[in-house]
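So you can see what is in the structure, the chains are spelled out below.
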Amino acid sequence: MQFILNNILTQTNLFYALIVFINVIIFIFSWWIVNFLDTASIEKKKLWDKEKEKIRKKKIFLRFISTLMLCAYVITLVINAELFNDIILSLFIILVAYIVHAWTLKRLLLFYWEEVEISGSKYVRRDYKINIFTLIINFIVFVIVIISIFKVFEIDSLLQSGGIIAWILAFLWFTAPVWAADLVAWISMLHHDQIEIGNVVEIKEEWILAWVKNISLSEVKLIDLALGHPIVFRPSRFRELKVENLSLWVAWKRSKIPQFIDAYVSYKEKLEDVEKVFFDSWDAMLENIAVDSIQRKYFIENSIKRVEIVKFWDFAVQYRFYYDISSPFYIIKAERLLNKYLQFYQKELWIDFSTPKLLEAKVENHSK
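What you see is a predicted model; the values in this text were computed from it and never measured.

Cut-off values and rules
- Residues numbered from 1 in each chain as written.
- Predicted model: local features only at pLDDT ≥ 70, side-chain atom pairs only at ≥ 80, totals over all residues.
- Heavy atoms only, no water.
- Helix = DSSP H or I, 4+ residues; strand = E, 2+ residues; numbered from the N terminus.
- Buried < 20%, exposed > 50% of the residue type's maximum accessible area, 1.4 Å probe, protein only.
- Pairing = 2+ DSSP bridges.
- pLDDT = per-residue confidence, 0-100.
- Contact = heavy atoms within 4.5 Å.
- Core = buried A, V, L, I, M, F, W, Y, C linked by side-chain atoms within 4.5 Å.
- Phe/Tyr/Trp six-rings, centres within 6.5 Å; stacked < 30°, edge-to-face > 60°.
- Lys NZ or Arg CZ within 6 Å of the ring centre and 35° of its normal.
- Expected span 1.5 Å × (residues − 1).

Q: I'm lost on unusual backbone geometry in this one. Help?
A: One can expect most non-glycine residues to show negative phi and most peptide bonds to be in trans. In this structure, W207 takes a positive phi of about 55° despite not being glycine. Residue placement: W207 occurs in the loop between β3 (200-203) and β4 (208-215). The exposure class assigned to W207 is exposed, which follows from its relative accessible area of 80%. Its identity as a non-glycine residue notwithstanding, W350 has a phi of 60°, on the positive side.

Here is the structure:
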């Protein structure tokens, strides 16, 4: 016992003792540190169970590294194993790098923040500069950590000889088909600034109407406007699609988002009668919506409404009703609300949007 105590006293190093002291402080305040560094409150994100689980794992990670350092320090004092001093210092480098990295990204977000309105709520958007600088910071932190750990274990000669660098280059070369296309597509999307986080996009070939939640090196995440579920594309795949950015009207400082509804009506009906169906439906809808209702925000009340004949088909005339909404996020909600009144006034005015020949064709196909 006396031997162990003497050994501990001789091995006590003020430098490593200071490191362990800082480590204990981090361990005690790890939950507060993670909450402070998390950007969910800045970006006004709703913390779903998945996001809460990520935060919980970050807190566990901090405490896990802290516990490893403390165990390594105790072992070093007891058995005089100098190797564990290198392990302590390496873990401390990782711990500090993690905290500094998170703090830098938070400051970057605060510096380049931009507030946008998404589906009636305000959020902070990560723009082009934030995404590019984040990639650079991630790379720099990773390189510094690797070089520092190599220095601690005195194996930096591998870096100087070029063996490790050659291995990394070979790895990047052979894996390039997996990540290169996504990297180029991601940088291209960020650089051209045509589609940003928070934009509403329509992909007609995929029957998708959604808003962009995230654009990263590994994925482009969309949120379906109708159902609210996530839709994920690889950046390279997303770049191949024909994407219409419906939020460009907002970017161009337009206060009205033009929309239309098509109706196929029998040739026996007059344009004036079809106009009456649309206009009466519109007026009745606005009258029944409360002034302080969220639905009132969907529509531009003083917008110029019109009905046009688009095309003469064999089975019917294609009419188009134009109206304006206040945000592309309300496209589906506004259309579904208006459709309820259109259905009522079709029956009220004896004008059916489903023409006889179309009905006959549907019945015939169903019977087959």
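Q: So what exactly am I meant to see when it comes to the pairing of β4 here?
A: When you tally the buried positions in β4, you get 6 out of 8 residues, the bulk of the element. Pairing of β3 with β4, which is carried by 4 bridges, proceeds in the antiparallel orientation. Bridge assignment links V200 to a residue of β4, and that residue is W211. Taking the residues that link successive antiparallel strands as the turn, the β3-β4 hairpin has 4 residues, and the phi of W207 there is positive, at about 55°. Bridge count for β4 against strand β5 (residues 220-224) is 5 bridges, and the pairing is antiparallel. Bridged to W211 within β5 is I223. Hairpin connection between β4 and β5: a loop of 4 residues separates the two successive antiparallel strands.

Q: I would appreciate a short explanation of the confidence of the model for the chain in the present structure.
A: Regions with low pLDDT should not have their predicted coordinates read in detail. Of all residues in the chain, 78% attain a pLDDT of 70 or more, and the chain-wide mean is 78. Of the regions scoring below 50 in pLDDT, residues 1-11 engages in 9 contacts with residues more than four places distant in sequence or in other chains. Counting contacts from residues 361-368, a segment whose pLDDT is below 50, to residues more than four positions away or on other chains yields 1 contact.

Q: Sorry, what's going on with the nonpolar core here?
A: Side chains of a nonpolar character, in soluble globular proteins, are inclined to be buried together. Within the largest apolar cluster, 38 residues are counted, with the highest numbers of intra-cluster contacts made by F278, W282, M285, F299, Y323 and L338. Looking at this core, the elements with two or more residues in it are β4, β8 (257-265), α11 (271-288), β10 (317-325) and α12 (331-348). With 8 residues, α12 is the single largest residue contributor to this core. With residues up to four places along the chain from it excluded, the contact list for F299 reads W282, M285, L286, I289, Y323, D324, I325, A334 and L337. One finds L89, I93, A97 and V152 within the second-largest nonpolar core, a separate group that totals 25 residues.

Q: What's the story with the packing of aromatic side chains in this structure? I'm lost.
A: Where two aromatic rings form a pair, the distance of their centres and the angle of their planes describe that pair. Counted according to the given criterion, the structure contains 18 aromatic pairs. What links up through ring pairs into an aromatic cluster is the set F278, F279, W282, Y298, F299, F321, Y323, Y330 and F353. Above the face of the F27 ring, R63 is positioned so that its terminal group lies 5.0 Å from the ring centre. R320 extends its terminal NZ or CZ atom over the ring of F260, reaching a point 4.0 Å from the ring centre.

Q: Help me understand the sheet that holds strand β7 (residues 244-245) in this model?
A: On the basis of which strands lie adjacent, the open sheet formed by 5 strands has the order β6-β5-β4-β3-β7 and antiparallel pairing. Each of the sheet's edge strands pairs with one partner strand only, and the pair in question is β6 (230-233) and β7.

Q: Just checking my understanding: could you explain α12 for this structure?
A: Every α-helical turn comprises 3.6 residues, leaving residues that sit three or four positions apart pointing alike. The end-to-end C-alpha distance of α12 is 26 Å, a good match for the 26 Å that 18 residues give at a rise of 1.5 Å each. Considered for burial, the residues of α12 that qualify are I331, I332, A334, L337, L338, Y341, L342, Y345 and Q346. Where α12 is buried, its residues touch β4, β8, α11 and β10. Looking one or two places after α12, you find W350, whose phi comes out positive at around 60°.

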